Every structure is written in structure tokens, then in C-alpha cells.
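These are the residues of each chain, in order.
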Amino acid sequence: MDKKEFTVSEVIDSIGISSHTWVVFVLLAFAMIFDGYDFMIVNSTNMFVAHTFWPDNANPGALMGSLTTWGLLGMVIGGAVGGIMSDKLGRKKTLIVAVMFYGLFTLPQAFANDMMFFAAFRLIAGFGVGSCIPVVTTVFSESMPSKQRGIFVTFGMAFMVVGWVLAGLIANPICNAATPLLGDFTNQITYATAEGTATMFANWRLCYLIGGIPLIYGVVLFFTMHETPHWYANSGNKEMACKRLTQIEQATRHTSHEYDPALLIVPPKPAKTGPSVLFSSKFIVATCAIWAAYFVGQFCVYGMNAWIPTWFVGLGYSQADSVSLQTWNNVAAIASNIIVGFVSDKVGRKRNLAFAWLFCVVAIVLCSLFVVPNNMGICIALMLLFGFALNYAITAVQPLMPESYPTAIRNTGTSWCQAFARFGGSASSIVLGGIAGMAFFQTATGATNWSTVVLVLIVPFALGFVCTVLFVKETAGKSMDQLAAEEQKLGASESDGNMRFICMLVIVSILAVLCIVCPLVVPGWSKQPYALPLMAIGLLLPFVYFFVFGGAQLAKTKAAKSK
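Enquirer: What am I meant to see in helix α2 (residues 19-53) here?
Expert: Since one α-helical turn is 3.6 residues long, residues separated by three or four positions face the same way. If you check α2, its first and last C-alpha atoms are 49 Å apart, about what 35 residues at 1.5 Å a residue would give, namely 51 Å. Remark: the principal bend of α2, roughly 60°, maps to T45. In terms of residue burial, α2 counts as a mostly covered element, since 30 of its 35 residues are buried.

Enquirer: Can you help me understand the packing of helix α6 (residues 149-175) against helix α12 (residues 319-347) in this one?
Expert: Relative orientation and spacing of two packed helices are given, respectively, by the angle between their axes and the distance between those axes. Where α6 meets α12, the closest approach of the two axes is 8 Å, and the angle between their N-to-C directions is 170°. When the axes of α6 and α12 are compared, the pair comes out roughly antiparallel. For the contact of α6 with α12, the residue count by class is 17 nonpolar, nine polar and two charged.

Enquirer: Quick question: what am I supposed to make of the nonpolar core here?
Expert: Side chains that are nonpolar tend, in soluble globular proteins, to be buried together. Grouped together as the largest cluster of nonpolar side chains are 162 residues, with contacts concentrated most on W291, F461 and F546. Here F461 is in contact with V296, C300, W357, C360, V361, I364, F386 and L390, once residues within four sequence places are set aside. By size, the runner-up hydrophobic cluster in this structure holds 14 residues, among which are F6, W231, Y232 and C242.

Enquirer: How do you make sense of the packing of aromatic side chains when you look at a structure like this?
Expert: One pair of aromatic rings is described through two measures. These are the centre distance and the angle between the planes. Applying the stated rule across the entire model yields 41 aromatic pairs. Relative to F127, the ring of F101 lies with its centre 5.6 Å away and its plane at 55°, an arrangement referred to as tilted. Placement of the pair is F101 in helix α4 (residues 91-106) and F127 in helix α5 (residues 115-143), with a sequence separation of 26 residues. Among the aromatic residues, those joined into a ring-pair cluster are F279, W291, F295, W416, F420, F501, F543, Y545, F546 and F549. Between the NZ or CZ atom of K92 and the centre of the ring of F222, over which it lies, the distance is 5.6 Å. Looking at R205, its charged tip hangs above the ring of F185, at a distance of 5.8 Å from the centre.

Enquirer: What's the story with helix α8 (residues 214-224) in this structure? I'm lost.
Expert: Of the positions making up α8, those classed as buried are P214, Y217, G218 and L221. The buried side chains of α8 occupy one side of the element, clustering within an arc of 110° when seen end-on. α8 presents I216 and F223 as exposed residues on the side facing more than 90 degrees away from its buried surface.

Enquirer: Is there a simple way to think about the environment of G78 in this case?
Expert: With respect to the element layout, G78 can be found in helix α3 (residues 62-89). Once the C-alpha coordinates of G78 and P229 are considered, the two residues, 151 residues apart in sequence, prove to be 24 Å apart. Among residues more than four places away in sequence, those in contact with G78 are G83, F127, G130 and S131.

Enquirer: Help me out: how do you make sense of the pairing of strand β1 (residues 188-193) in this one?
Expert: Across a regular strand the side chains alternate sides, sitting on one face of the sheet and then on the other. In the sheet, β1 pairs with strand β2 (residues 196-201) via six bridges, with the strands oriented antiparallel. From the neighbouring strand, T190 faces β2, where its bridge partner is T199. Taken together, β1 and the strand that follows it, β2, pair antiparallel across an intervening segment of two residues.

Enquirer: Teacher, can you tell me more about the packing of helix α11 (residues 284-314) against helix α13 (residues 349-370) here?
Expert: Axis separation between α11 and α13 bottoms out at 13 Å; the angle between their running directions is 25°. With respect to α13, the axis of α11 lies roughly parallel. With respect to the hand of their crossing, α11 and α13 are arranged in left-handed fashion. Of the residues in α13, those touching α11 at A293, V296, G297 and W311 are L353, W357 and C367. Of the residues assigned to the contact of α11 with α13, the class counts are six nonpolar, one polar and no charged.

Cut-offs applied
Residues numbered from 1 in each chain as written. Predicted model: local features only at pLDDT ≥ 70, side-chain atom pairs only at ≥ 80, totals over all residues. Heavy atoms only, no water. Helix = DSSP H or I, 4+ residues; strand = E, 2+ residues; numbered from the N terminus. Expected span 1.5 Å × (residues − 1). Bend = angle between axes of the 7 residues up to and from the residue. Buried < 20%, exposed > 50% of the residue type's maximum accessible area, 1.4 Å probe, protein only. Axes fitted to C-alpha atoms, helices over the stretch in contact; angles between N-to-C directions. Parallel < 35°, antiparallel > 145°, perpendicular 65-115°, else oblique. Nonpolar A, V, L, I, M, F, W, Y, C, P; charged D, E, K, R; others polar. Core = buried A, V, L, I, M, F, W, Y, C linked by side-chain atoms within 4.5 Å. Contact = heavy atoms within 4.5 Å. Phe/Tyr/Trp six-rings, centres within 6.5 Å; stacked < 30°, edge-to-face > 60°. Lys NZ or Arg CZ within 6 Å of the ring centre and 35° of its normal. Arc of directions from axis to C-beta. Pairing = 2+ DSSP bridges. Left-handed = near helix turned anticlockwise from the far one by under 90°.

Set out below in C-alpha cells:
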């Protein structure tokens, strides 16, 4: 590229998969393993934590579901703020702070004796978890060759699920240990059950002490991770961008080639770089596409992970077997996360995601029909199927996030999408717990019929399919610079998103009140006849928004092209 103009994407694509690629991959993979463990350890221990906090309540319901919610709410805030920080301060600094932050604030959760203490530190730790995931997605998208970008983004996300599986594998023997593992610190608890009382040791505390390991990993990242050339170039530091490109090429080809900053082409920045630009005419369709799809995925993944152990305990399986079945569900997720990237790069993002939602409908119907007591083999097979299908769908959205926005707002766009979707995850564990307590979903003996409850997920799956067909734009195989150039050609405004942004904030507030605050604050909320309709309104309002504003912009774009 001597004496020729070039872009960062062109250089990275010309180098291809290199030693640099694999160093970045390994560093980010471990960050995602720790991140996944930190999140899933709550779902893997929530029954035992609930017995400690509410020993006299045999069915904590929405209260137990809320144990997951606090971390997700922290992830909402962390994702929203962390994305802006990453675009302003850099990917490396934000990732190191995020990893060390959630490691530090997971430790105090081990000392919790009531929900308020646990919830406070869960919320704070969630801030770091929420900041970490979108930064990792963005670094993958900016560091990998265009043709393999989808594979690496989704394969990288598989390591978050590895963390989920490790959480189950670690929590199961620790929580079910017949002796106190840390003396008086893991004291004996006597708790109420439907049949009377039982005892356990609070060994779950050890799981949260293990969650402090990322503090050490943050130090490793400080000395081994580099900033991305894309971020340097977009922040105006062309010299450092070219220096990093030279270092990457030298490490791979062992050449002494140096890139001239004067010849580096940087795509123009958006007129605005705050979150409101995501709702401008230029980006509203892309925002509707990824926000809708990821909201559906988060609602279903996090909702079911919170309640799978309870589902199987209700069928007569032991607590140990129930956590094992949740772990099998996540084992399948690892396989799906690896495969989805290959398929996405071959058949395209849109076709792959649309198929994924239909696959989820089939999987949830089969689980509803064939999950039965006293047949561990069939239940393992169904959890493998469901874990594969659902995580295939949510991971299929991942490459679309960074591909939907230019470098200046890439991590803001990715993180705000994930932050919004976590409202779905935050609400889902509470909403499904509330639904499970409603008379319609009870058996004649007063137990929850979870096989009926899970069929409710068909509704979000169907909405995910419709939004994918309407709004998703194909991005597979195109460089980040090509995608930015295509958006630029449309000539749509980048500065008219304020009103749409405010409307979305109002809708998110309504969702939070109806689906999170009311179930936790209003006594007997799930027993009220108006509870289910109001929660349904809260969950469906975002989709009304997507169809109205996304559909209107699609019509305008189509009319402009026809002229």
C-alpha cells in the first residue's frame, strides 16, 4: 500500500487471520468467561440464596426471580454508560475497568444475609458486567477480517456461555455439599418446604468469593491488551493507528513496512455522537432491527435460566439434578454459539436470524410437550435442544450490532442495544415468576404448570421473526468501511433523533414500572386480574414503537429509492 491511500479495514483484511487475531481472541475469551460466570452464578445459586434470605417462605416466587434482576439492572446502566466511555476513552481502558469492577463488587455478595445488601452489590457489580460485553463485541468486530468477522464475534460470545456452564459446574457441588465448606461462614440454614422443613449449609457464599478472580485478570489485560487501530483512527490519532497496523503486520509477516498517516482514510464521523443519533433517520431502522431481536433473546434466555431449576424441582427432580439440567441447557449454548457464526457468514445475517426464531418456536413446543418427571435422559435431550435453539438466536444478533453503526458510535450503539435488551432480561425473571403464580397456570393441586408457562415464549419468538424480516439489513462479508459508506449514500439525517429517543425513554420507563417495580412493590401483584394485561402492555409497547418508527422510515427510504 506504498503511496496509496488505505483504510484500517483494508489493512486488517489484507493481513487476514494472524497471530494478532488469536492473541485478541484469547484475551477477550477469558474476559467473557469471567463475565459469564459472574452473571450465571446467581441463577445457579438462587434457590440456596432464597432459602437463606427467606427461610420461612417455601415459595418466594417473584422475590427469588428478582435476585437475577438486580444484576441485570446494573448491566443496563453499565452498558449505557460503558458504551459512551469506550467510544470516548478507548476500548482497552473501558474493558480493564469493567473487568476489575465486577470482580471487586462480586466479593461482598458472599457476605450478604438479606436481600437489600445482596441487591445493592449485585446492582453495582452488574455495572461492570454490562460495560464488558459490548466492548468485547466491538473489539472483535474491529480486529477481525471482514469475511470471518461473524465467526469470531459469535465464537467469542460462546466463552460467555462457558462461564455460564462453569458457574453451574462449580455451584452444584458447592451448594449441595453436606458439610460447611468455610466453617461458621457457611452456617446451617433451616428452611420451609412444601412438605415441611429441611436444612442446608450456606456454601453458596464460596461461589461469590470465586467471583473475585477477575480482579487479577484486569492486571493481565493492562499489560497484554492493545487499543484497536479503528478507535485510534476515529479519535484523530492517525499516527498511533498506523503504528498499531505496522505492529500487527510485523508480528504476522515479520516485515518492516510502515504505514503513512497522511494516506490513511478515515470515514466521516456522524454529525452527533450521543445515544440520540441511534434514533435518527439514518440509523432508526438498524436500531429497530437489533433492539427488537436482542430484547426478545434476552427476555427468553435470562427468564428461562432463572426458572429452569425451579421448573424441574416442581416436577420432582432433586435440586442437584435441576441445576444439572440448567447446566446442560448452557452446554448446548456453547455449541450453538460456535456454529452460528459460520452459518451467518455463509448464508447471511438476516436469513440466519429469521430461521433461528422459527427454530426456537419448535424447540419450546417440544419442551412443553415432552418434559416429564422421572426421565432424566429425555429432559437432558430437551434442555440441549432448547439451549441450542435459544442461544443460537440471541447470538445470531451479535454480529449485527457493531455492523450497524460507524466507529464513532459503534460501541455506544452496541452497548445501548444490550442495555435496552437487559430490561427484557430484568423483567423476564420477575414476569415469568408472576405468571407462574397466576391461577391460569396452576395445576389442580396448586403447583405451577411450567409446561404451560414456557409456551408464553412463543409470543416473543414470533415478534423476533417479524422484526427480523422487516428491519434487518444484510451486512455479511462487507468491511466496516463499506457499511459506513452505504449508510452515507442514503443521505438521511443524523440529527433528527431527539424526539424518537425521548419516546423510547418513556416506553422503557413504563416497561420498568409495570414489569419490574409493580411485581416487587405491590402486594399480591400476580394475583390481581389486571396484572397480566398491564405487564403485557409494558412488554409490547417497544414493539409498537419499532413498527411505527421503523416502518415509517422504511417507507420513506423505499419512496426515495423509487424516485
